[in-house]
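# An overview of the molecular structure
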Amino acid sequence: MRRVVLLFVFTGLLVLSSLGAAGRASAAGPEAQDSCLSGQLRTARVETSVRLKHDGEDYTKAETDLVVQVPKTWKLARDLLLNGDTGRYRAAMRCVLRYPDDPYPYRDTEARPWPPEVSVEAKWITVRHRAVTYVDDRRDRDFGPWRITVGKRFWTLALVHPPALAKSWWREITVDLGGRAARTMSPTPTEGSATELTWVRAEPGGEPPEVRIAVQPPATKALMTGWGQKPWYLVPSLTWLTWDLALFPVMLLLVRGLRRTPASSPETAAEKTTRRDLLLWTYVAFAVALIYELDDLGPSLAGDYGVLDWWPEYRTAIHFGLAACGGAAFCLYGLYGFFGRPRIVVLSAVLVATAYPVVVASVPGRFGLPARFWLDENNLTDVQRLRDTGGFLWLALACCCVAFVWLVGTALAVRRLRARSAVAPGAPQQGGSPWGLLGLCALTAVAVVALAVWAKQNTWEQEAWLSVGPGDEFYDRWHLTHLYNSMAWFPSDWPDWFSVWAAWLVRSGVLIAVLAARSRAPGVSPVSPPLPEKLILTVLFLTVVVPIPGWYVGVSAYVLDLPLIVLAGWLLLDLGRRRSVLSQELLPGTPLREVIREPDRQWLIESARKYRDLHLQLRRWEQGDQEGERTELEARLDDLHRWNPDDTTSPYAGKALPDSVDAIELVLAWGPRDTWFRNACRAAFLAAVIALPATAISFWANQIRGPLWGNVPRDQFGVASLVQSLVTTELIWAAAGFVLGALWRTLPGRRGPAKALGLSLVYATPVGLHWITSRAVEQPFGTWALDVALTLLILTTTGVAMDIDTFRKEGHYWPTKAALLLSIYQLRTASVQLAFFVAQVVALVGVWQQLKGNDPMVLIEPQSPTGTQGGPSTGDAP
């Protein structure tokens, strides 16, 4: 009996201990599985806000601010203070920012102005996270603790609170809908208005509200999100091509007109050569624009409509072939007409650089690359083979070759234009050693690709910054896959970016070479450009100088500006034909431009000096300092108001000048050089020098201001774009000076600033139209006001410099250039001229102040080719 009792007691104790252990295990199980220790975050305090901004943005802008105060008693709290690349910091941040159970979170739909701010207080550690996104497509966009679901008509804004903070105290949630009332909402807000909603919880406890709001965006913003859908993605590209489609026939008609109206008869060799260059480049540039605008549309159409099913699978290989062959076409254009050893060396280098990407595209497996160029991180065999064979380096080398052939082609095209107008067609051109050119292009190509890899790495760190980090086997595969697949798009992205700038640069040089050749033709009037030359200047002004802002509702409308610009330019030239100094008639039917010649310059300058001296004596006589009779002074002034009275052989000798023209104005109208083309070159040089400070200001406004500088490390062509921006801006203002100098003798106005003002008004015409249209579609006006103000200042200063340069031989008579200028302009004080410049400076300061308080759009990378948002890639082909 005792044994039975003892056995019963022992069994009962064993059962009770087992039940207790099970109870403890069940109680500790959730806590052990909860890596964020959510139970310790019940006392955490959370506030968040989100703001939608529709007006004044290219796309709807959404900004969010999340502030989380975690208690110091939370075991992971101190990890928030660690360095951002440590695993413990990332694990703690994942708990606070929504991803406690996902070690590989990925965000390509948000931009962060800066990393989360972490501060320490007596009992709390505060984390502040800011994020911004632009709704530019129909993807769901996660940013901070919010998600925007984009529909055709309505967008839904929802709060997706971090699971670890589900029991925390959400003290305040604020939603600003950007001035638009919600279509639906839940739950009912605590306070606010129809467009600004606030949910407030006075005491801790309970779950956070499931905020969900449906809003109808402006029609223009909703329309822009649809351009990425089938088949509407054709619209932006087709509207972009309208510029090239409109320019192509204009260039052909221009070449035809030049052929029919040569500057001299017979046509010089230089005219023929430059005209053929212009025709050839017109075809090359048009073909490049078509090919590289449609190279991405082809695979998209083929995939969406089941045409040529093999095309989408081979799109990356096709891009490599098109990019390499397109650069080779540039090189052949540049090499045309060059013979001898330089041609052989350059041609050999180009052939090798073109062949290598084509071979890589044809047999990628030989270089350790995937069969379709697309790498999947879940395919262990392909990833390991890429690592073992150094496939990424072979891919980078192919990208370097693509960049190299385009750089060499552009350099050769520019080199071809140098002194091209001075040789006969078919004559051999002697160039220097090609090794310097090839070496510079090779180094630049390597730098471009290296910077692209660096930018892709920075983008990866921005988008996958909460992942576990290096050392994790899957993370390392995922990271390598992302970089590889991103660089596989380089042969598609590089021509799209570089060909536009290269075509612009070469076209500018070809047009100026044509003008140079025609201006040097025998028997050509040096006074002003004839009608064919004015047509060339018009094309130069339209394609190089004048701004054509025309991007509305996600599509380009550049062609709409062309008629307005042409009309404004025609009105300016027509006014100059009737009102310019040289259009005044010396005799009925004989304007001054048909009389004046360069040998008359010395007489004109001496007459202008005497004219200024006599006027000074006349003013002194009026003030009581009588040095001679007034009648005598007026008689001498009348003598100066006649055409070349000392040259008795001139048929116009002794003829009185028009009443509205004096000797000073006649000299200023003629300009500092003997021909209109040399006036143009001189004005271009002066404008380029004067524009250096303005280039720095424009560079700050368009490349550095606000978050723009932060975009550079994440843009594959960010650093290259900085260099391109500096060069392009300087060349545009130099070209503006060139047009001013070429039309110097035909523009209305008696002083340089007045001539510059007329051209500046034509320059500002499309900007005025853009201001009206941008306000109508609620888009930002950008920095166009600053651009117009700077251009007016540059052209005005160039006009003053041209006037001073006209009287450069008198420079040693005056202590400063300003004193000479006051004498030329017949100003006893600088009040009038200073007032003009002060007004421009005040305008610049006003524009500057506006820019300081108006940050530009933050760059957000398009959907990554490595897969969908929020996680690793799925291996889908590009």
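Details of the structure are given in the entry above.
Computed from a predicted structure; not experimentally measured.

### Observations concerning the environment of aspartate 34
Within the fold, aspartate 34 resides in the loop between α1 (2-33) and β1 (45-53). Owing to a relative accessible area of 21%, aspartate 34 belongs among the partly exposed residues under this scheme. With 66 residues separating them along the chain, aspartate 34 and proline 100 place their C-alpha atoms 8.5 Å apart.

### Quick look at a nonpolar patch on the surface
A cluster of nonpolar side chains, contributed by Tyr305, Val307, Leu308, Trp310 and Tyr314, occupies part of the molecular surface with about 490 Å² of accessible area. Relative to the assigned elements, tryptophan 310 resides in helix α7 (residues 310-313). Residue classification places tryptophan 310 among the partly exposed residues on the basis of a relative accessible area of 45%.

### Side note on helix α14 (residues 490-519)
Between its first and last C-alpha atoms α14 spans 43 Å; for 30 residues at 1.5 Å apiece the expected length is 44 Å, and the two agree. At serine 499, α14 shows its maximal bend, which comes to roughly 30°. Burial within α14 is extensive, with 23 of its 30 residues counted as buried.

### A few points about the nonpolar core
Counting 114 residues, the largest nonpolar core has Leu278, Trp281, Phe373, Trp406, Val408, Phe490 and Trp494 as the members making the most contacts within it. Considering every element that reaches this core, the biggest residue donor is helix α11 (residues 391-417), with 17 residues. Leaving out residues up to four positions away in the same chain, tryptophan 281 has contacts with Phe330, Tyr333, Ala502, Ala503, Val506, Arg507 and Val510. With 46 residues, the next largest nonpolar core counts Ala131, Leu159, Trp199 and Ile213 among its residues.

### Description of helix α23 (residues 752-776)
Over its 25 residues, α23 runs 37 Å from end to end, which matches the ideal 36 Å to within 8%, given 1.5 Å per residue. In the segment just after α23, glutamate 778 is the residue with positive phi, at about 60°.

### Examining the sheet that holds strand β6 (residues 146-150)
An order of β5-β6-β7-β12-β9 is seen for the five strands of this open sheet, with the pairing classed as antiparallel. In this open sheet, the two edge strands, each paired with only one partner strand, are β5 (141-143) and β9 (182-186). Strand-to-strand twist across the sheet, computed as the mean angle between neighbouring axes with direction ignored, equals 15°. Bridging between β5 and β6 involves three bridges; their strand directions are antiparallel. Counterpart to arginine 141 in the pairing with β6 is isoleucine 148.

### So, the pattern of salt bridges
Across all of its chains, the model carries 28 salt bridges by this definition. Of the charged contacts, one joins lysine 61 and glutamate 63 as a salt bridge, the two residues approaching to 3.6 Å between their closest N and O atoms. Residue arginine 107 pairs with glutamate 110 through a salt bridge whose shortest N-O separation is 2.8 Å. Per residue, the accessibility class of arginine 107 equals that of glutamate 110, and both read buried. Taken together, the shared-partner salt bridges in this structure form one network comprising Asp108, Asp136, Asp137, Arg139 and Arg141.

### Quick look at the side chain of serine 774
Positionally, serine 774 belongs in helix α23. Owing to a relative accessible area of 1%, serine 774 belongs among the buried residues under this scheme. The contacts of serine 774, once residues within four sequence positions are left out, are Tyr552, Gln779, Pro780 and Phe781.

### Notes on the packing of helix α12 (residues 434-463) against helix α13 (residues 473-487)
Running from N to C, α12 and α13 point in directions that differ by 135°, and their axes come no closer than 10 Å. Comparing the axis directions of α12 and α13 gives the class oblique. Judged by the sense of rotation from one axis to the other, the crossing of α12 with α13 is right-handed. Contact residues: Val449, Ala452, Val453, Lys456, Gln457, Trp460 and Glu463 in α12; Tyr475, Trp478, His479, His482, Leu483, Ser486 and Met487 in α13. Among the residues making up the contact of α12 with α13, the classes are represented as eight nonpolar, four polar and two charged.

The rules behind the values
- Residues numbered from 1 in each chain as written.
- Predicted model: local features only at pLDDT ≥ 70, side-chain atom pairs only at ≥ 80, totals over all residues.
- Heavy atoms only, no water.
- Helix = DSSP H or I, 4+ residues; strand = E, 2+ residues; numbered from the N terminus.
- Buried < 20%, exposed > 50% of the residue type's maximum accessible area, 1.4 Å probe, protein only.
- Patch = residues over 30% accessible without salt bridge, like charges linked within 9 Å, V, L, I, M, F, W, Y side chains within 5 Å.
- Areas by Shrake-Rupley, 256 points an atom, 1.4 Å probe, with all protein chains shown as cover.
- Salt bridge = Lys/Arg side-chain N within 4 Å of Asp/Glu carboxyl O.
- Expected span 1.5 Å × (residues − 1).
- Bend = angle between axes of the 7 residues up to and from the residue.
- Core = buried A, V, L, I, M, F, W, Y, C linked by side-chain atoms within 4.5 Å.
- Contact = heavy atoms within 4.5 Å.
- Pairing = 2+ DSSP bridges.
- Axes fitted to C-alpha atoms, helices over the stretch in contact; angles between N-to-C directions.
- Parallel < 35°, antiparallel > 145°, perpendicular 65-115°, else oblique.
- Left-handed = near helix turned anticlockwise from the far one by under 90°.
- Nonpolar A, V, L, I, M, F, W, Y, C, P; charged D, E, K, R; others polar.

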